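What follows is each chain in one-letter form.
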Amino acid sequence: MFYSDDLVEEVRSRNDIVDVISEYAGLKKAGNSYKCCCPFHSEKTPSFTVSREKQMYHCFGCGAGGNVYTFIMKYENYTFQEAIEYLAKRAGITLPEKEMTADEKRKYSRKQQLFEVNKSAAAYFHFLLTKTERGKLGLEYYKKRGFSDETINKFGLGYADIYRDDLYKYLKKKGFTDDLMRDAGLVEFDERYGPHDKFWNRVMVPITDINGKIIAFGGRVLGDAKPKYLNTKETEIFNKSRNLFAMNIARHSKRHGVILCEGYMDVISMHQAGFDNAIASLGTAFTEGQANLIKRYTSSVYLAYDSDVAGTNAAMKAISILRPLEMSQRVIDLKPYKDPDEFIKALGSQAYDDRVQNAQTGRIFEIDHVIERFDMNNPEEKTGFMKEAARILAGIDDSAERVNYIETVASKYFLNKDELSKLVSKAGLEGNVTKEVPVYRQERERLTEVDPAEEDQKYLLTIMVNEPFLFESLSSVVTEEDFTANIIKDVAQEVFKQFRASGSVNPASILNMYDDAESQEKVSSIFTKELDFDMTPSVLEKALQDLIIKIKSGNIDRMLKNGSGMSAIELAKKKSEIRKIRIHI
């Protein structure tokens, strides 16, 4: 279903952005706008601003910005269409229901088709497992793991048959195309042998996105074949580094924080035991993208990785990712058992909950890991351990927290507190501490590497939108034709069109032209950028004059370089005239 531009704008205008974002974040009035700490990255000083007048938001820390659609898409991980439907329901607007035309069907989102084919595959796998003799082997496996019927149904667990093209035939009968099955990672095609299923003779676990839509599968082989675990390849709807297994359930849990495990079987066992805040990464090491996803819902992470060497190293890596985002990290001690599943089966849920409550902080876990390299009965090695511990503690920015850690470490490891404190101070002064760069700052630095011409055009458009009288004052000098860079060109055409029609600009409505959050954020930065000079007439005139001459001259230079049908002499003459431009407002 695709909605008209008028309806999209009506839904947006009926959902005041301040009211909507207030349901997710604690906005406070600040002058003519509202502010809070950004819900998309960790920060101590609020830099997230919402304008009721413009019906837009912008974070001056991480660069996130847009209208109410952008916010819902980014926060809830919705598509544009899903955001429209969500906000329409919130505003009490009934969206039209009608059968799509043939043309609309052709235009129907590829992503929606991928969701549908995965949904059908999941239903088939679950049917084979629970309703057929062919799935008996898979059902026995799940029962041996202790999974109840309720758990099997809750997670939609399934079974992929032993036949090489079983799923392919089923999906073909359902009307799905070969291209769609291939693009979803469900079927592979071979010139010699034809189509064959990606998963066969495996128990199947559907993997969902944050909203519960099936985006991929994980399969565990029944037998000795390799690989033991197999996940769907990355697709248009499945990015391993930006999704977490069971996060759609954990985000609604009433338990504190989330428990991060290594695999989805551990997660399923923990949910059955009552720990519905358990999640897992998907066949890869924990990533920054996954940490940012967790950060949307909680800042507390409990690590329940295996108690072997690989699990310890994975926990250390996760700590290094979570800490720069100012997320609490605690490590659950599973010994003498290898993983959460074994622990709970042996000692029960209450014993596991006790371990959760007594989980070590990330820094204590790191120091425990370090001490294994030193003989604490040897004075020289004990000094070496103190220096290593001091380097870790010197990375704590908050002085009160640092003092508390020094006291705790000194007491736990029988160290002289004053000497440890001196070593911590020395490590800090010498810079002998690793400082991680937050992900959002890395991203912001990457985004600053843009085309200078695009930045100039964007800046001119920003000034004009902030001071609408300039559209009329500069009408003999500046038109939408001066804006030639990428997305800026389309935005300028719409802005000028709006001003000619109504004498004003409606920034939030322009974002409706784009159905992806990335484009919306890029466009929103035009309307929310802060001007870095005062707006007195003389200063504004000089800034505009320099900027307009630079933009127009740059456009001439590109025409000379690329060829425009005009002679070099004509273009040189135009450039000479441009230099004579004088702005008076």
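Here's what I pulled together on the structure shown here. (Residues numbered from 1 in each chain as written. Predicted model: local features only at pLDDT ≥ 70, side-chain atom pairs only at ≥ 80, totals over all residues. Heavy atoms only, no water.)

### Side note on the pattern of salt bridges
Considering all chains together, one arrives at 28 salt bridges under this definition. Arg 134 is the partner of Asp 166 in a salt bridge, and the nearest nitrogen-oxygen pair spans 2.9 Å. Placement of Asp 166 in helix H9 (residues 166–173) and of Arg 134 in the loop between helix H6 (110–131) and helix H7 (136–144) is noted, with a sequence separation of 32 residues between them. Its relative accessible area of 38% is what places Arg 134 among the partly exposed residues. (Salt bridge = Lys/Arg side-chain N within 4 Å of Asp/Glu carboxyl O. Helix = DSSP H or I, 4+ residues; strand = E, 2+ residues; numbered from the N terminus. Buried < 20%, exposed > 50% of the residue type's maximum accessible area, 1.4 Å probe, protein only.)

### Description of helix H26 (residues 517–528)
Compared with the 16 Å implied by 1.5 Å per residue over 12 residues, the 16 Å span of H26 between its first and last C-alpha is a close match. In terms of residue burial, H26 counts as a mostly covered element, since 9 of its 12 residues are buried. Among all positions in H26, only Ser 519, Gln 520, Glu 521, Val 523, Ser 524, Ser 525, Ile 526, Phe 527 and Thr 528 are buried. (Expected span 1.5 Å × (residues − 1).)

### A few points about the environment of Ala 517
Structurally, Ala 517 is set in helix H26. Its relative accessible area of 22% is what places Ala 517 among the partly exposed residues. Taking the C-alpha atoms as reference, Ala 517 lies 8.1 Å from Phe 80; in sequence the two are 437 residues apart. Discounting chain neighbours no more than four positions away, the residues touching Ala 517 are Thr 70 and Met 73. (Contact = heavy atoms within 4.5 Å.)

### A few points about the packing of helix H22 (residues 452–466) against helix H27 (residues 537–562)
With their axes 10 Å apart at the nearest point, H22 and H27 run at an angle of 140 degrees to one another. One finds that H22 runs oblique with respect to H27. With respect to the hand of their crossing, H22 and H27 are arranged in left-handed fashion. Here Ala 453, Asp 456, Gln 457, Tyr 459, Leu 460 and Ile 463 of H22 come into contact with H27, specifically with Leu 540, Leu 544, Leu 547, Ile 548, Lys 550, Ile 551, Asn 555 and Arg 558. Here the contact of H22 with H27 is composed, by residue class, of 9 nonpolar, 2 polar and 3 charged. (Axes fitted to C-alpha atoms, helices over the stretch in contact; angles between N-to-C directions. Parallel < 35°, antiparallel > 145°, perpendicular 65-115°, else oblique. Left-handed = near helix turned anticlockwise from the far one by under 90°. Nonpolar A, V, L, I, M, F, W, Y, C, P; charged D, E, K, R; others polar.)

### Quick word on unusual backbone geometry
Note that the residue after Lys 335, namely Pro 336, is joined by a cis bond; omega there is 10 degrees. Positive phi, close to 60 degrees, is recorded for Glu 326, a residue that is not glycine. With respect to the secondary-structure elements, Glu 326 resides in the loop between helix H14 (309–322) and strand S15 (328–331). Given a relative accessible area of 43%, Glu 326 falls into the partly exposed group. In this structure, Phe 414 is a non-glycine residue whose phi angle is positive, near 55 degrees. With respect to the element layout, Phe 414 can be found in the loop between helix H19 (399–412) and helix H20 (417–429). We classify Phe 414 as exposed; its relative accessible area is 68%.

### Quick word on the sheet that holds strand S3 (residues 48–51)
Overall, antiparallel pairing links the 5 strands, which are arranged S1-S2-S3-S4-S5 in an open sheet. Whereas interior strands pair on both sides, the edge strands pair on one side only; in this sheet they are strand S1 (28–30) and strand S5 (65–66). For strand S2 (residues 33–36) and S3, the ladder comprises 3 bridges, and the chain directions are antiparallel. Its bridge partner lying in S3, Cys 36 is registered against Phe 48. In this fold helix H3 (residues 68–76) packs onto S3, strand S4 (56–59) and S5, with an angle of close to 50 degrees to the strand it touches most, S4. Lying on the sheet, H26 is in contact with S4 and S5; it crosses S4 at an angle near 95 degrees. (Pairing = 2+ DSSP bridges.)

### Some points on the sheet that holds strand S10 (residues 214–221)
The pairing of strands in a sheet comes from backbone hydrogen bonds and takes either a parallel or an antiparallel form. The strand order S6-S9-S10-S11 describes an open sheet built from 4 strands, whose pairing is antiparallel. Both edges of this open sheet fall to strand S6 (158–160) and strand S11 (229–231), since each of them pairs with a single strand only. On average, each strand axis in the sheet is inclined to that of its neighbour by 35 degrees, with strand direction left out of account. Strands in contact with H6 are S6, strand S9 (202–208) and S10; relative to S10, the strand with the most contacts, it is inclined by about 35 degrees. Where H7 meets the sheet, it contacts S6, S9 and S10, and its direction lies at approximately 70 degrees from that of S9.

### Focus on helix H15 (residues 340–347)
Taken together, the buried positions of H15 are occupied by Pro 340, Asp 341, Phe 343 and Ile 344. One side of H15 holds all its buried residues, which, seen down the axis, span an arc of 165 degrees. Contact partners of the buried residues in H15: strand S12 (258–261), helix H12 (264–272) and helix H16 (349–357). Measuring from the backbone nitrogen of Asp 341 back to the side-chain oxygen at the start of H15 gives 3.2 Å, which picks out Asp 339 as the cap. Of the residues one or two after H15, Gly 348 is the one with positive phi, at around 95 degrees. (Arc of directions from axis to C-beta. Polar contact = N/O pair within 3.5 Å; in protein donor to acceptor, adjacent residues only side chain to side chain.)

Everything listed here is a matter of geometry and, on its own, says nothing about what the molecule does.
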